[in-house]
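Each chain is listed here by its residues.
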Amino acid sequence: MDVTSAIIVQLRAALWECCPFEFIHKLDRTTLLSDVALELTEDVEAFTNKDPAANNDPFRIIQAYTSFKAVLHYRLAHKINSRFYCNVNLKSDFLLYASIISSRGKLLSGADLNPACRIGKRFILDHGIGTVFGETAEIGDDCYVLGGVTLGARGISNNSTGKRHPTIGNRVQIGAFACVFGPVTIGDDVFIGPQCTVTNNVASHCKVILRTSTQVIFHGNDNNLRVLPDTWSQG
């Protein structure tokens, strides 16, 4: 069995547990599963190449990595949630089943990736327990995220219904337990270190790191530091 076929088996397992036969039968008349499987194949190949613990074994990632389960269920739920295949006259059902599939992924992985958020190609979620991506979060291509990361809104209750979560550029790395709050923009090739809290835009090619209690940004190869302002106290 090749990698894509193994992924399709996992996708079908999610569908059969979460959706009625009639819905699955209608999806089988579309290219939904094959489209999602191709996206996930790229995710697995990137994971295999970048994670030395995978030992160059994509099947180990597919079968045993709970963080990949989160991405698999996200990709499937997002495709359904997008209503791209709504010509089957099941508009409300699409949203319901996407939510159920997303919940299954959360139970299997410990990561909560809202099916409405947007994640680019070749995405890697490593040690993903506790990771949360909000509804309007957007992530570019070739990003690498560790566990406990939150892409959230600034508020807790009564948040706006519009854009309220971060936009992450391409080739961004986000360390464990980092938080990015609000509709901020993180540029391409940014490194956000573990435990950092970001509430401002970050330009491309910057590093955000935590040194004791002071969070700083490196601009490219410049070793001069700029201390982030206390955005919480500014409201």
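Before reading on, note that the structure itself is shown above.
Chemist: Looking at this model, I keep getting lost on the packing of aromatic side chains. Mind explaining?
Modeler: Working definition: an aromatic ring pair is given by the centre-to-centre distance plus the angle between the planes. This model, assessed by the stated rule, comprises five aromatic pairs. Both rings, one in Trp16 and one in Phe21, keep their centres 6.1 Å apart while their planes meet at 25°; by these two values the pair is stacked. Looking at Trp16, the relative accessible area reads 47%, which means it is partly exposed. What makes Phe21 partly exposed here is its relative accessible area of 48%. An aromatic cluster of at least three residues, connected via ring pairs, comprises Phe23, Phe94 and Tyr97.

Chemist: Even after reading the chapter, I still don't get the side chain of Arg104, so can you show me in this structure?
Modeler: Relative to the helices and strands, Arg104 is located in helix 6 (residues 91-109). Polar side-chain contacts of Arg104 include one of 2.8 Å to the side chain of His73. Setting aside chain neighbours within four positions, we find Arg104 in contact with Ala13, Ala14, Glu17, Cys18 and His73.

Chemist: Sorry if this is basic, but what is going on with the pattern of salt bridges here?
Modeler: A side chain with one charge can pair with a side chain of the opposite charge if their charged atoms come near. According to the stated counting rule, one finds 10 salt bridges in the structure shown. A salt bridge links Glu39 to Lys79; its shortest N-O distance comes to 3.6 Å. Of this pair, Glu39 sits in helix 3 (residues 32-50) while Lys79 sits in helix 5 (residues 66-81); the two residues are 40 residues apart in sequence, bridging distant segments of the chain. Judged by relative accessible area, Lys79 falls into the buried class, the value being 17%. Residues joined by salt bridges that share partners form a network here, namely Glu42, Arg122 and Asp142.

What counts as what
Residues numbered from 1 in each chain as written. Predicted model: local features only at pLDDT ≥ 70, side-chain atom pairs only at ≥ 80, totals over all residues. Heavy atoms only, no water. Phe/Tyr/Trp six-rings, centres within 6.5 Å; stacked < 30°, edge-to-face > 60°. Buried < 20%, exposed > 50% of the residue type's maximum accessible area, 1.4 Å probe, protein only. Helix = DSSP H or I, 4+ residues; strand = E, 2+ residues; numbered from the N terminus. Polar contact = N/O pair within 3.5 Å; in protein donor to acceptor, adjacent residues only side chain to side chain. Contact = heavy atoms within 4.5 Å. Salt bridge = Lys/Arg side-chain N within 4 Å of Asp/Glu carboxyl O.

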